[in-house]
Amino acid sequence: MAIISNGTRKLRKAPHTTRWAQVRAQGKSHFVWYYGVLGVGLPIAIFKIVFDLYHKGEGFPILSLIMNLILFPIFGLLVGFLTWTISERRYKRRQKSRDSEQIGRVV
C-alpha cells in the first residue's frame with residue numbers, strides 16, 4: 001500500500017483490486033446509478049443546459065431541456081454498465097492471476 005503525500009495531509013492509496021472489491025461489495029446497481037447516472041449523466045446534462053441557456057438566451061426551447069435531462073442520464077447509465085463490466089473483467093483476471101501465483105508458491 002503506497003502512501004501519497006498531499007501537502008500536510010497523507011493519503012493512503014489502496015491497490016486497484018482492494019478498491020474495486022470495496023466498490024463491488026456495494027453492488028452493480030448502486031455503482032451504475034451512483035457513478036454512471038449521478039456521476040456522469042447528470043453533470044453533463046446540467047453543463048449542456050447551462051451552455052445552451054448561455055448561448056441561446058431567452059429562446060431556450062423546453063424540448064431541449066427535457067431531451068438533455070433524459071438522454072444524458074441514459075448515456076450515464078450506459079457508461080456505468082460499461083465501466084462495471086470492464087472493471088469486473090480486470091478484477092477477475094487479477095484474482096485469477098493472484099490465485100495462480102499463490103498455487104505456484106505452495107508447490
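Higher on the page you've got the structure.
Just so we're clear, the structure is a prediction, and the values are computed from it rather than from any experiment.

Conventions used here
- Residues numbered from 1 in each chain as written.
- Predicted model: local features only at pLDDT ≥ 70, side-chain atom pairs only at ≥ 80, totals over all residues.
- Heavy atoms only, no water.
- Helix = DSSP H or I, 4+ residues; strand = E, 2+ residues; numbered from the N terminus.
- Contact = heavy atoms within 4.5 Å.
- Core = buried A, V, L, I, M, F, W, Y, C linked by side-chain atoms within 4.5 Å.
- Buried < 20%, exposed > 50% of the residue type's maximum accessible area, 1.4 Å probe, protein only.
- Salt bridge = Lys/Arg side-chain N within 4 Å of Asp/Glu carboxyl O.

1. Notes on the environment of Val-37
Then, number 1: As for its position among the elements, Val-37 is in helix α2 (residues 28-56).
Then, number 2: As a C-alpha pair, Val-37 and Gly-76 span 39 residues in sequence and 4.5 Å in three-dimensional space.
Then, number 3: Here Val-37 is in contact with Val-32, Leu-42, Pro-43, Pro-73, Gly-76 and Leu-77, once residues within four sequence places are set aside.

2. Topic: the nonpolar core
Then, number 1: Counting 6 residues, the largest nonpolar core is built from Trp-20, Val-23, Phe-31, Val-32, Trp-84 and Tyr-91.
Then, number 2: Elements with a minimum of two residues in this core: α1 (16-25), α2 and α3 (62-106).
Then, number 3: When near neighbours in sequence (up to four residues on either side) are disregarded, Val-32 contacts Val-37, Leu-77, Gly-80 and Phe-81.

3. Some points on the pattern of salt bridges
Then, number 1: Applying the stated rule across the entire model yields 3 salt bridges.
Then, number 2: One salt bridge connects Arg-24 with Glu-88, and the closest N-O pair in it is separated by 2.6 Å. Within this pair, whereas Arg-24 is found in helix α1, its partner Glu-88 is found in helix α3, the two being separated by 64 residues in sequence.
Then, number 3: When its relative accessible area of 10% is taken as the criterion, Glu-88 is described as buried.

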